[in-house]
Amino acid sequence: MTTLTKVSMSLTERDIKNTEKVRQLFHVRTNADAVSAALGITRSLGEMLKNGNELIIRNKKGEMKKILIPG
């Protein structure tokens, strides 16, 4: 069984809108699930970038662009 830790956050209106969009995109039920999904994605991307990888996006036309994430 996973141990849970309660976290209290104050979110801006923009944060709430972002949370709702993440809920829709990843089909998760709660804001907590959306925040957890976003943290997991951010961690994975951060680790890849830290290890020297690049983030490349290919659009529908097959064109590729390098994505830069500050920090």
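Thresholds applied
- Residues numbered from 1 in each chain as written.
- Predicted model: local features only at pLDDT ≥ 70, side-chain atom pairs only at ≥ 80, totals over all residues.
- Heavy atoms only, no water.
- Helix = DSSP H or I, 4+ residues; strand = E, 2+ residues; numbered from the N terminus.
- Rg over C-alpha atoms; globule rule 2.2 N^0.38 Å.
- Buried < 20%, exposed > 50% of the residue type's maximum accessible area, 1.4 Å probe, protein only.
- Areas by Shrake-Rupley, 256 points an atom, 1.4 Å probe, with all protein chains shown as cover.
- Lys, Arg positive; Asp, Glu negative; His and termini not counted.
- Charge placed at Lys NZ, Arg CZ, Asp CG, Glu CD.
- Patch = residues over 30% accessible without salt bridge, like charges linked within 9 Å, V, L, I, M, F, W, Y side chains within 5 Å.
- Salt bridge = Lys/Arg side-chain N within 4 Å of Asp/Glu carboxyl O.

1. What about the overall build of the chain?
Looking only at helices and strands, the chain features two helices and two strands. Starting at the N terminus, the α and β elements of the chain follow one another as α-α-β-β. Relative to a compact globule of 71 residues, whose C-alpha radius of gyration would be 11 Å, the chain shows 15 Å and is clearly more extended. Across its three principal directions, the C-alpha atoms of the chain cover 40 × 25 × 25 Å. Classification of the 71 residues of the chain by burial places 4% in the buried group. A total accessible area of about 6,900 Å² is found for the chain, and carbon and sulfur atoms account for 55% of it. Looking at charge distribution, the chain has the averaged site of its 13 positive side-chain charges lying 3 Å from that of its 7 negative ones.

2. Considerations on a nonpolar patch on the surface
Where nonpolar side chains cluster on the molecular surface, the patch consists of Leu 49, Ile 57, Ile 67 and Ile 69 and spans about 290 Å² of accessible area. Of note, Leu 49 is situated in helix 2 (residues 31-50).

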